[in-house]
Amino acid sequence: MTSADLPIDENGRIYHLQIKPGQMAPNILLVGDPGRAEFIGSTLLRDIEVERENRGIVTVTGTSEITGGRATIISPVRTTVTTAGMGTPSLEIVVNELVALNEINFETRTRKPDFPRLHILRVGTSGGLQASTKIGTPIITSYAIGMDNTGLFYEAPYPDQICERLEQDLGHIVRNAMSIGSRFHGRIHPYVSRAEPTIVDALLEASANLGVPAKLGLTVSTSGFYAPQGRDIGRVKPVIPDIDRVFAEYDPMVGGQRIENMEMETSFLIHFLGALGYWAGSICTTINNRRTNTFDHHYQEAVKNSTRVALLALAVIRSRNPDVRIS
């Protein structure tokens, strides 16, 4: 792999994250806000090994130890938390570098014969689409609907037939929601990915053990915050008016679940990592509700609860699947 394909500095650190391979744990939390990464590192991790900031990306590696309710982690878990930024373009850079740190021998620039399976969880915030979903509720993603185009550059197969069906259904729905005279009519097409089921089960188990009520549902990941999520505040009108309502009213016919929330990263995360055989999932706190037009200005405690759920889920998975490697 050339220096242009995989930039590594003179100190052996990958270009954007600015860390070396041994400084990353196989258990990873991804957050959008650099301040949230710093907070998690300072309050929920101990025995800090690495603290690094570059280009607004904060990376901290230490040991997590979560207790509370009926849950107690007997074996602490080595964990990395890093910033993914806002949107799938930024996340694509960070995730590719995490994978490279795990798989590539930086001295020879070749792929290792085997490497640990990564377990990666996004912990973020999102907007709720269902009126029945209370603000502050963590949404655990089962399937993600990508309304960005980052995933379209990676030829990942369908994880299951549900993804294929949803992609076809939602393609028609999105097309029909656009004006026939739109310059972009028929050019916006979703891709659908599936969160790793073991991750989903671990998140549900951890939320129950910690007494944090969570909701399972589908997540829409968009390419922006305003018009791509149906917020009409500018003088240039959205191509798909009320897109948030379009998704809210659709019944995906997935075990009674609904499309619960909108955010900007989950789709690519589980699309890309799932194709590599890594386990990925997402838990995003609902900080506003689009149906009731409400916003929680004091959402930090709810996000902290979601973070504790994610850390416990990683510990549960690691305890049941120690030292799994991919070759």
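Further up the page is the structure itself.
Residues numbered from 1 in each chain as written. Predicted model: local features only at pLDDT ≥ 70, side-chain atom pairs only at ≥ 80, totals over all residues. Heavy atoms only, no water.

Undergrad: What exactly am I supposed to notice about the nonpolar core here?
TA: Among soluble globular proteins, nonpolar side chains are generally buried collectively. One finds L29, L30 and L273 to be the most contacted residues of the largest nonpolar core, which totals 63 residues. When residues in this core are grouped by element, the largest group, eight residues, is from helix α7 (residues 300-320). In contact with L273, not counting residues within four places along its chain, are V95, V99, I120, F268, Y278 and A280. Core analysis: the second largest hydrophobic core is formed by 20 residues, L170, M178, A248 and V254 among them. (Core = buried A, V, L, I, M, F, W, Y, C linked by side-chain atoms within 4.5 Å. Buried < 20%, exposed > 50% of the residue type's maximum accessible area, 1.4 Å probe, protein only. Helix = DSSP H or I, 4+ residues; strand = E, 2+ residues; numbered from the N terminus. Contact = heavy atoms within 4.5 Å.)

Undergrad: I tried to follow the side chain of T137 on my own but got confused; where do I start?
TA: Structurally, T137 can be placed in the loop between β10 (119-128) and β11 (138-146). In this structure T137 comes out as buried when scored by relative accessible area, which is 13%. Within the structure, the side chain of T137 is placed 2.7 Å from the backbone oxygen of K134, a separation counted as a polar contact. Among all residues touching T137, those that are not within four sequence positions of it are P213, A214, K215, C284, T285 and T286. (Polar contact = N/O pair within 3.5 Å; in protein donor to acceptor, adjacent residues only side chain to side chain.)

Undergrad: Would you take a moment to explain the pairing of strand β13 (residues 215-221) for this structure?
TA: Remark: a regular strand shows side chains that alternate across the two faces of the sheet. The buried fraction of β13 amounts to five of the seven residues, a majority that puts the element mostly inside the structure. The pairing of β13 with strand β14 (residues 259-263) spans four bridges and is classified as parallel. Bridge pairing links T219 to N261 in β14. Handedness of the crossover joining β13 and β14 through helix α5 (residues 243-249) is recorded here as right-handed. (Pairing = 2+ DSSP bridges. Right-handed = clockwise from strand over helix to strand, strands pointing away.)

All we've got here are geometric facts, nothing functional implied.
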